[in-house]
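Structural overview for review
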Amino acid sequence: MSGLLRTAGAGSGRTTVIALWVSQALLTLVFLAAGTAKLAGAEPMVEAFDQIGAGQWLRYFVGCLELLGVVGLLVPRLVGLAALGLVSLMVGAVITNLVIDAFSLLAVILLLLGTVVAWGRRDRTKALLPRQQ
């Protein structure tokens, strides 16, 4: 079995590998745009974080985390870990949106897409853990 197929999980086929790459690319593009918009102070982002009521520092913090997630998605060894981090952000986003009564389908889709990548790249994440003897 080639190394490319092994990274997607045991028994995965070519379709799974392609789906993971496409999912990673989509996550990279969306989070690059979202993180950049947050850090650049785009008006919709400023308004959204005003509505949350936690202050604009949270917008900067989330924007930085999103861009760090993008970097992680581009480093093959860190893809699974980066996806887990982005899933965590999206869990927070979905909960926040439910609390402020501003449901976001995009946040749910990104949560699911990130979960697929994190699961599909779980072998890479496990490889980062220290080996037990």
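Bear in mind the structure is a predicted one, so any value in this text is a computation, not a measurement. (Residues numbered from 1 in each chain as written. Predicted model: local features only at pLDDT ≥ 70, side-chain atom pairs only at ≥ 80, totals over all residues. Heavy atoms only, no water.)

1. Focus: the pattern of salt bridges
For the structure on display, the rule yields one salt bridge. Glu-66 is the salt-bridge partner of Lys-38, the closest N and O atoms lying 3.2 Å from each other. Pair noted here: Lys-38 is in helix 2 (residues 14–40) and Glu-66 is in helix 4 (residues 56–74), with a separation of 28 residues, a long-range link. Considered together, Lys-38 and Glu-66 belong to a single accessibility category, that of buried residues. (Salt bridge = Lys/Arg side-chain N within 4 Å of Asp/Glu carboxyl O. Helix = DSSP H or I, 4+ residues; strand = E, 2+ residues; numbered from the N terminus. Buried < 20%, exposed > 50% of the residue type's maximum accessible area, 1.4 Å probe, protein only.)

2. Some thoughts on the packing of aromatic side chains
This model, assessed by the stated rule, comprises one aromatic pair. An angle of 45 degrees between the planes, with centres 6.4 Å apart, marks the rings of Trp-57 and Phe-61 as tilted. Linking Trp-57 with Phe-61, this pair stays in helix 4, spanning four residues, or about one helical turn. What makes Phe-61 partly exposed here is its relative accessible area of 44%. Here Arg-59 stacks its cationic end above the ring of Tyr-60, 4.4 Å away from the centre of that ring. Looking at Arg-122, its charged tip hangs above the ring of Trp-119, at a distance of 4.1 Å from the centre. (Phe/Tyr/Trp six-rings, centres within 6.5 Å; stacked < 30°, edge-to-face > 60°. Lys NZ or Arg CZ within 6 Å of the ring centre and 35° of its normal.)

3. Regarding the layout of surface pockets
If a probe as big as a water molecule is rolled over the atoms, it shows which places are left empty. Its boundaries defined by the atoms lining it, the largest pocket holds a volume of some 630 Å³. Around the largest pocket sit 27 residues that line it, and Lys-38, Phe-49, Met-90, Ala-93 and Asn-97 are the ones nearest its centre. Listed by contribution, the elements that provide at least two residues to the lining of the largest pocket are helix 2, helix 3 (43–52), helix 4, helix 5 (79–99) and helix 6 (105–120). Examining the composition of the lining of the largest pocket, we find that six residues originate from one element, helix 5, more than from any other. Classifying every residue of the lining of the largest pocket by side-chain character gives 20 nonpolar, five polar and two charged. (1 Å grid on protein atoms, 1.4 Å probe; cavity = no way out; pocket = protein on both sides within 12 Å on 5 of 7 lines; lining within 4 Å. Points joined across faces, edges and corners; volume = space filled by probe spheres on them. Nonpolar A, V, L, I, M, F, W, Y, C, P; charged D, E, K, R; others polar.)

4. Description of a nonpolar patch on the surface
A surface patch of nonpolar side chains, amounting to about 440 Å² of accessible area, comprises Val-71, Val-75, Leu-78, Leu-81, Leu-84 and Leu-128. Of note, Leu-81 is situated in helix 5. When its relative accessible area of 45% is taken as the criterion, Leu-81 is described as partly exposed. (Patch = residues over 30% accessible without salt bridge, like charges linked within 9 Å, V, L, I, M, F, W, Y side chains within 5 Å. Areas by Shrake-Rupley, 256 points an atom, 1.4 Å probe, with all protein chains shown as cover.)

5. A few points about the nonpolar core
Membership of the largest hydrophobic core comes to 21 residues, with the highest contact counts inside it found for Leu-27, Phe-31, Leu-73 and Met-90. Those elements giving two or more residues to this core turn out to be helix 2, helix 4, helix 5 and helix 6. Examining the composition of this core, we find that eight residues originate from one element, helix 5, more than from any other. Leaving out residues up to four positions away in the same chain, Phe-31 has contacts with Glu-66, Leu-67, Val-70, Leu-86, Met-90 and Leu-110. (Core = buried A, V, L, I, M, F, W, Y, C linked by side-chain atoms within 4.5 Å. Contact = heavy atoms within 4.5 Å.)

6. Here's the deal with the packing of helix 3 against helix 4
At a closest axis distance of 8 Å, the pairing of helix 3 and helix 4 adopts a crossing angle of 120 degrees. Classified by the angle between their axes, helix 3 and helix 4 sit oblique to one another. As helix 3 packs across helix 4, the resulting crossing turns out to be right-handed. Two secondary-structure elements touch here, helix 3 through Met-45, Val-46, Phe-49, Asp-50 and Ile-52 and helix 4 through Gln-56, Leu-58, Arg-59 and Val-62. Across the contact of helix 3 with helix 4, the residue classes tally to six nonpolar, one polar and two charged. (Axes fitted to C-alpha atoms, helices over the stretch in contact; angles between N-to-C directions. Parallel < 35°, antiparallel > 145°, perpendicular 65-115°, else oblique. Left-handed = near helix turned anticlockwise from the far one by under 90°.)

Keep in mind these values describe shape, not function.
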